[in-house]
Amino acid sequence: MGSTRFHQENLQRFCLYKYKHPVLLVSPFNFFFLLLFSNILCFSCILCLIQSMAPPNLFSESRTSNTTPVDFVAKSRFSLTEERNLAVDGVTLFSHVPSNVTLSSFTSLPHLATDTPDYILESVSLKSNNGSFLGLSVEEPADRILNPIGNFFGRKFLSIFRFKTWWSTMWVGSNGSDLQMETQLILLRVPELDSYVLVLPLIEGSFRSAIHPGKHEGEVVLCVESGSEKVKGKGFSSCAYLHIGDNPFDLMRDAFAAVRVHLGSYRLLEEKTPPKIIDSFGWCSWDAFYLTVEPVGLWHGVKSFVENGFPPRFLIIDDGWQSINMDHENPFEDSKDLTGLGSQMLCRLYRFKENDKFAKYQAGTMLSSNAPAFDQDKHDKVFEEMIAVAELKKKKLKEDGEIDISDLPEPKIIEYFDEKEGVERGGLKALVSDLRERFPSLEDVYVWHALCGAWGGVRPETTHLDAKVAAARLAAGLQTTMPDLAVDMIIQGGIGLVNPDQATEFYDAMHFHLADAGITGVKVDVMHGQRMECILGVCSAGPVQALEYVAEDYGGRVQLAKAYYDGLSQSLKNNFGGSGLIASMEQCNDFFFLATKQISMGRVGDDFWFEDPNGDPMGVYWLQGVHMIHCSYNSLWQGQFIQPDWDMFQSNHLCAEFHAGSRAICGGPVYVSDKVGGHNFVLLRKLVFPDGTILRCQHYALPTRDCLFENPLFDGKTLLKIWNLNKYVGVVGAFNCQGAGWYPEERKCKAYPQCYKSISGMVSPDDVEWEQKDSTVQYRKAKQFAVYLHKSDTLNLVNSKDQINITLQPSSFDIFTISPVHKLNEKAKFAPIGLENMFNSGGAIEFLDYGCKGSIPTVKIQVKGTGKFLAFSCKKPREIILNAKGVEFEWSSNGILRFEVPWTGGKLSNVLILMS
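All of these numbers come straight from a predicted model, not from anything done at the bench. (Residues numbered from 1 in each chain as written. Predicted model: local features only at pLDDT ≥ 70, side-chain atom pairs only at ≥ 80, totals over all residues. Heavy atoms only, no water.)

Caption draft 1: View of the packing of helix α12 (residues 503-516) against helix α15 (residues 556-575). Two numbers describe how α12 lies on α15: the axes approach to 8 Å, and their chain directions differ by 30°. Accordingly, the angle class assigned to the pair α12 and α15 is roughly parallel. Here α12 runs over α15; the crossing is right-handed. On the side of α12, the interface is formed by Ala503, Thr504, Phe506, Tyr507, Asp508, His511, Phe512 and Ala515, while α15 contributes Ala563, Tyr564, Gly567, Leu568, Gln570, Ser571, Asn574 and Asn575. Of the residues assigned to the contact of α12 with α15, the class counts are eight nonpolar, seven polar and one charged. (Axes fitted to C-alpha atoms, helices over the stretch in contact; angles between N-to-C directions. Helix = DSSP H or I, 4+ residues; strand = E, 2+ residues; numbered from the N terminus. Parallel < 35°, antiparallel > 145°, perpendicular 65-115°, else oblique. Left-handed = near helix turned anticlockwise from the far one by under 90°. Contact = heavy atoms within 4.5 Å. Nonpolar A, V, L, I, M, F, W, Y, C, P; charged D, E, K, R; others polar.)

Caption draft 2: Geometry of the sheet that holds strand β3 (residues 91-94). The strand order β1-β2-β3 describes an open sheet built from three strands, whose pairing is antiparallel. The open sheet terminates on both sides in strands that have one partner only, identified here as β1 (78-80) and β3. Going across the sheet, the axis of each strand differs from the next one's by a mean of 35°, ignoring polarity. Bridge analysis of strand β2 (residues 86-88) against β3 gives three bridges, and the strand direction is antiparallel. Looking at β3, one finds that alanine 87 is bridged to threonine 92. (Pairing = 2+ DSSP bridges.)

Caption draft 3: Geometry of the pairing of strand β36 (residues 813-820). Of all eight residues in β36, eight are buried, a share of seventy percent or more. Burial of the side chains of β36 extends over both faces: Phe813, Ile815, Thr817 and Ser819 are buried on one face and Asp814, Phe816, Ile818 and Pro820 on the other. In the sheet, strand β29 (residues 730-735) pairs with β36 via six bridges, with the strands oriented antiparallel. Bridging from a neighbouring strand, glycine 733 pairs with isoleucine 815 of β36. Examined bridge by bridge, strand β33 (residues 784-789) and β36 share five bridges and lie antiparallel to one another. If you follow tyrosine 788 over to β36, its bridge partner there is threonine 817. (Buried < 20%, exposed > 50% of the residue type's maximum accessible area, 1.4 Å probe, protein only.)

Caption draft 4: Main features of the packing of helix α7 (residues 295-307) against helix α10 (residues 427-438). At a minimum axis separation of 11 Å, α7 and α10 run at an interaxial angle of 20°. Taken as axis vectors, α7 and α10 run roughly parallel relative to one another. Crossing angle aside, the handedness with which α7 passes α10 is right-handed. When α7 is examined against α10, the residues Pro295, Leu298, Trp299 and Val302 are found in contact with a partner set consisting of Leu431, Asp434, Leu435 and Arg438.

Caption draft 5: Structural detail: the packing of aromatic side chains. If you walk through the whole model with that rule in mind, you get 46 aromatic pairs. Where phenylalanine 289 meets phenylalanine 374, the ring centres are 5.6 Å apart and the plane angle is 80°; that geometry is what we call edge-to-face. One end of the pair, phenylalanine 289, is in helix α6 (residues 286-289); the other, phenylalanine 374, is in the loop between α8 (356-359) and α9 (376-400), with 85 residues separating them in the sequence. Taking 5.7 Å as the distance between ring centres and 70° as the angle between the ring planes, the aromatic pair formed by phenylalanine 658 and phenylalanine 735 counts as edge-to-face. (Phe/Tyr/Trp six-rings, centres within 6.5 Å; stacked < 30°, edge-to-face > 60°.)

Caption draft 6: Geometry of helix α5 (residues 248-263). The end-to-end C-alpha distance of α5 is 22 Å, a good match for the 22 Å that 16 residues give at a rise of 1.5 Å each. The buried count for α5 comes to 15 of 16 residues, which makes it a mostly enclosed element. The positive-phi residue at the C-terminal boundary of α5 is glycine 264, with phi of around 70°. (Expected span 1.5 Å × (residues − 1).)

What follows is the structure in structure tokens.
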């Protein structure tokens, strides 16, 4: 039946698919029966039988071999040559690989997953020769190992690194020395093979890995660390993973599927159900109120949207609702000292119920005819006074070394209602109930909390849980990340850490109360970084005392994080339907490898900053492009685990349209953080329908191939192009993000003013990755496309490889809806665009069918939403029937067809076009 290698590979792949492991765990009788039945009995099969008779506990033992295991099966495309070059198909990737670095094929190591779906196992098995593991060994056990893994020069790469403790972004270069610290992955371009290689640091046992630049030119270093001096190791077989593919988007999926099989500690996004808010419009309270959020403002915020025809389907009550205080205050009363941003980061949670601002709300208060009014301007003035008091405190503390509170003005707090004597408090539960009664379209209400409860954790001896305060220190790997106020405050106050053994009880206590109050989900901030890493001595700014002493008792950073993530996941299933969670400040590989068995949605970019906190007046513009780069490039890997969330924005911001265009095609939810009454409804009408639904793409937005190894932030020449898929059309967004980016020397993002200029580029139907959805694969074969430019309001007919030139001013964009042209007969061609009044026009097409009525060609379309429907039709239609009635339409000789689609209360409109 062919070569021995053929026998080995097919047997190995069958074993991985059928028995969930490359090593066959069946009886010798069954094994030989299988070989005889398959007619592939050979010497190599006998070798596999010997391997299969290893004891079952092999797969739960620590993998710390110091030598490359013998590979009886599918030969890996990766190799370590005698000259110590790491190569793929004979092409050198890294040179000068140290002798203590090992390479193991994917099939040669045991894998831990026991719950992988068969279709994933089959796919991983068939492509197993495309992957290999890097390992290493050192002479003396250590809790932190910095080990070179080789050098590379003259090879383009895209990397993702952590520029803050909890946020990551892209970086490109062509030399190992170009890498940044705390790199999470490297995508190498291999033009010699017309391919790409992913280098991915992993979790192994109690150790987590990241990539650093080395001391020597071109050198790449693998950092393997436990975060605890009590947890040491010296031998690793799979602390990094290599994978090759000829399609960069398939490569990412294949690689993370293989690692999913290997680690067994997470599930892919495709295996999970994201929160239902992804299809909706929502409002977040943060920029309207900050810490002063309270029931009256929330009510009027929702009301403002509803009364103007944009009912939020979900509401996020951000930071400011919890019962928190500082260590110097009464342990069972709300803090009286939240006079400025950052002050909450010194506070700890003292009870799981809402604070008094919310607790004293009485049922029906906002439903009554004399409900309190809300004045956003008055609120903002009071808030500014609070900030002024906070700044005065800082000044006095700096000058005098202490503060005499009697010398300071007392900040005013607006009281909207007094508690009525004899009337029971309704609290958060009554507020949520009243909101739903008055605004029935409000389906989901989420609230904010930090991973450890509040920013400062849980205050000891205030709950039934065992909590202790510990301090933090800086870890060497994050010394070059951006300084951050949140980190500084946590360093100052430390963390009130609940015993990890009580993590499930901790989250269940918080979430059970919230679920009982009608809360349907949570936004969990500091999901990694500050929370877990401060606990483990890895904060991003300022040398301080260690919190890693806490980790010493719990097996280091991996084991401690796992305890918290497991507890959170269990509570998510118990209280919020298994999916009601938005992960935030989570962009470290620990989180993705350990926390995403259940969590299915998370933020993929830093916060929306409406202005530069460092004072650059141009930051109001350039920060917006930086945000889009974060989101689009991070989605390459984070989208394998979670539904990417591009964060809120303000609809009346100077760059609001720039943000709105990206949110329309990002594939996630659309939500804003407008102040009450401060809205741009003309803009929102391009995103949101009267029932609060949106036109969401079928995939998540990613950079086009020609952007992957370029720098759309400050190379002065590249537009950011992102592609996505709707059911029947593709979409490409082109954005001029040039003008700012990361300054490694200054450890921050700042302006590159010489790049803030008009940029030209080209867009093609070929930019759309049609193969990423089974339903759109066929469109790769289309010869012609109709392309609609939303901002330019032009419709072009182009061939599949044609390029459309575009020039964009700074902080501007255009959206290209790309529809394959269908030949109805020898004379008639047709291509639907969708609702031209919506940014994501093609998302309105829910159903499309080409047919005939007798000899008359027909086009059947189901349309979601309302507005003007646009299509290309080379022939004038005989008739258009909309919801069983003929409608007027406009048609011009250049093929542009338009007709109005009325609002039908959220139901789909049925369109039948009878062609000439």
